[in-house]
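# Structural overview
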Amino acid sequence: AIEEVISQLAEELPRDTLLLITADHGLIDAVPDYLDEHPALGRMLLRPPVVEARAAALYVHTHERPFFQEAFMEAFGDRYRLLTARQLLTGGLLGTPSQAFRPGIEAFVGDFFAIALGTGALYPSRDRCHIIGMHGGLTIQEMQVPLIALHI
């Protein structure tokens, strides 16, 4: 269907037009990780993870923050890159540190931010897991997208 639409568009465009086609992200088949299988870690959280299952903002009880990173790594090993909010905002993943971010962004990135390195996706429980094809991680398939250039 997409190819048909592109073909029709190409026929309607004036000659000597450059048509560029790309995507905003790639996609992989994710393998869920369930927080309810790690109750001690789950109790450290103020709420379920937010943003994306493969790029999750984690809000942690204040008294648990010194212990959270170790508990997270014990539960999930090296499946995710776990960053503090400060590391996320200054590390370049959301743009260069010299760029101005939206005021109040700190409230939206949590205390920690977990980004999938492989196929993992963080879900609170099995009943909250409904999608397999996902994006938001640091795999090549998600970060590199094709660029199709058609000279008409």
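Residues numbered from 1 in each chain as written. Predicted model: local features only at pLDDT ≥ 70, side-chain atom pairs only at ≥ 80, totals over all residues. Heavy atoms only, no water.

To continue, consider the pattern of salt bridges. With the rule as written, the count across this model stands at three salt bridges. When the shortest N-O distance is used, the salt bridge between D33 and R79 registers 2.9 Å. With D33 in strand β3 (residues 31-34) and R79 in the loop between α3 (65-76) and β6 (80-84), the pair connects residues that are 46 residues apart, well separated along the chain. Between D111 and R65 there is a salt bridge; the shortest N-O distance is 3.1 Å. Note that D111 is positioned in the loop between α4 (85-90) and β7 (112-116) and R65 in helix α3, a separation of 46 residues in sequence. The exposure class assigned to R65 is partly exposed, which follows from its relative accessible area of 33%. (Salt bridge = Lys/Arg side-chain N within 4 Å of Asp/Glu carboxyl O. Helix = DSSP H or I, 4+ residues; strand = E, 2+ residues; numbered from the N terminus. Buried < 20%, exposed > 50% of the residue type's maximum accessible area, 1.4 Å probe, protein only.)

This brings us to the side chain of D111. A polar atom in the side chain of D111 sits 2.7 Å from the backbone nitrogen of V60. With sequence-adjacent residues up to four places away left out, D111 is seen in contact with L58, Y59, V60, R65, L83, T84 and A85. (Polar contact = N/O pair within 3.5 Å; in protein donor to acceptor, adjacent residues only side chain to side chain. Contact = heavy atoms within 4.5 Å.)

In this section: unusual backbone geometry. In this structure, D16 is a non-glycine residue whose phi angle is positive, near 65 degrees. You can see D16 is positioned in the loop between α1 (2-12) and β1 (18-21). The exposed category is assigned to D16, whose relative accessible area is 62%. Backbone geometry at V51 places phi at a positive 90 degrees, although glycine is not the residue there.

In this section: the packing of aromatic side chains. Here the distance between the centres and the angle between the planes together describe a pair of aromatic rings. For the structure on display, the rule yields five aromatic pairs. For the ring pair F68 and F72, a centre distance of 5.9 Å and an interplane angle of 40 degrees mean the geometry is tilted. One end of the pair, F68, and the other, F72, are both in helix α3, four residues apart, so they sit about a helical turn from each other. Given a relative accessible area of 1%, F68 falls into the buried group. A residue is classified by how much of its surface remains accessible, and F72, at 1% relative accessible area, is buried. (Phe/Tyr/Trp six-rings, centres within 6.5 Å; stacked < 30°, edge-to-face > 60°.)

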